[in-house]
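Reading the structure
Chain by chain, the residues run as shown.
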Amino acid sequence: MMVMKMCNWVNGVKRAAVAVVTMVALASGAQAQKAEIQIGYGGYTQMDATDCHDGWHHVNNAWGALTAGVNFQINRKMWIGPSYTFSSTTTKGGPHHSNIAYHAIMLNGRYEYYRNSIVTLYGHIGLGAEISHMMPRDEDAYNCTYFAYQFTPIGAQFGITRSVLMFGELGFGAQGLIQVGFRFRL
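These remarks concern the structure in this document. (Residues numbered from 1 in each chain as written. Predicted model: local features only at pLDDT ≥ 70, side-chain atom pairs only at ≥ 80, totals over all residues. Heavy atoms only, no water.)

The next subject is unusual backbone geometry. For H58, which is not glycine, the phi torsion reads 60° and is therefore positive. Relative to the assigned elements, H58 resides in the loop between α2 (46-49) and β2 (65-73). At D138, a position not held by glycine, the phi torsion is positive, near 65°. Structurally, D138 is set in the loop between β5 (119-135) and β6 (142-159). (Helix = DSSP H or I, 4+ residues; strand = E, 2+ residues; numbered from the N terminus.)

Structure representation (structure tokens):
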């Protein structure tokens with residue numbers, strides 16, 4: 001039987017945050033002029049740099065993070081949308097070798113501050129929740145929830161075609177210190 005353990009979060013705050021994220025995503029989707037799907041890989045995440053593992057000791061760094069999201073254009077320079085990020089890690093060997101899976105759900109905003117015919121430069125911020133699924137050896141699995149964020153002051157995207165763009169970002173948070181990937185305009 002799975003034991004649910006809530007760490008560092010008040011249930012009322014979680015419910016309010018989910019309600020706000022849902023309302024903003026629905027409102028922005030209804031007003032969107034354009035939409036895009038985004039996939040990316042980021043290295044050295046918030047989960048590696050902060051204790052998002054319930055105080056467990058001897059936790060290895062994760063292999064990185066995969067992120068998928070949908071973005072909606074709300075005006076000429078601003079995009080907003082939800083994303084899901086997955087990462088995982090293990091503890092260093094021994095008799096208590098265990099696994100941790102990280103799941104981050106965030107609402108993201110992107111502001112394009114420079115554009116020419118080749119490149120678009122932008123800043124990106126994401127806020128949400130990170131759920132660490134703790135899987136200790138010989139014990140029941142449980143979840144811990146933490147505040148998730150992504151602060152990216154420098155991002156650049158290049159058009160490969162009219163509907164496919166490649167991007168790279170330098171920032172910090174659940175999606176990674178350096179993140180690269182593709183955006184597909186719908």
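A few words on the pattern of salt bridges. Taken as a whole and judged by the stated rule, the model has 6 salt bridges. The closest approach of N and O atoms between R110 and E36, which form a salt bridge, is 2.7 Å. Of this pair, R110 sits in strand β4 (residues 99-115) while E36 sits in strand β1 (residues 35-43), placing them 74 residues apart in sequence. According to the relative accessible area criterion, E36 is buried, its value standing at 0%. Among the ionic pairs, E112 bridges to R110, the shortest N-O distance being 3.8 Å. (Salt bridge = Lys/Arg side-chain N within 4 Å of Asp/Glu carboxyl O. Buried < 20%, exposed > 50% of the residue type's maximum accessible area, 1.4 Å probe, protein only.)

The next subject is the sheet that holds β2. The sheet built from 8 strands closes into a barrel, its strands ordered β1-β2-β3-β4-β5-β6-β7-β8 with antiparallel pairing. Strand-to-strand twist in this sheet, taken as the mean axis angle between neighbours without regard to direction, amounts to 25°. Judged from the 7 bridges that link them, strand β7 (residues 164-173) and strand β8 (residues 178-185) form a sheet pairing that is antiparallel. Its bridge partner lying in β8, L165 is registered against R183. (Pairing = 2+ DSSP bridges. Axes fitted to C-alpha atoms, helices over the stretch in contact; angles between N-to-C directions.)

Another point: the side chain of T45. As for its placement among the helices and strands, T45 is situated in the loop between β1 and α2. Not counting chain neighbours up to four residues away, the residues in contact with T45 comprise G64, A65, F172, G173, A174, Q175 and G176. (Contact = heavy atoms within 4.5 Å.)

Bringing the environment of A141 into the picture now. Within the element layout of this structure, A141 appears in the loop between β5 and β6. The spatial distance from the C-alpha of A141 to the C-alpha of N99 is 9.6 Å, given a sequence separation of 42 residues.

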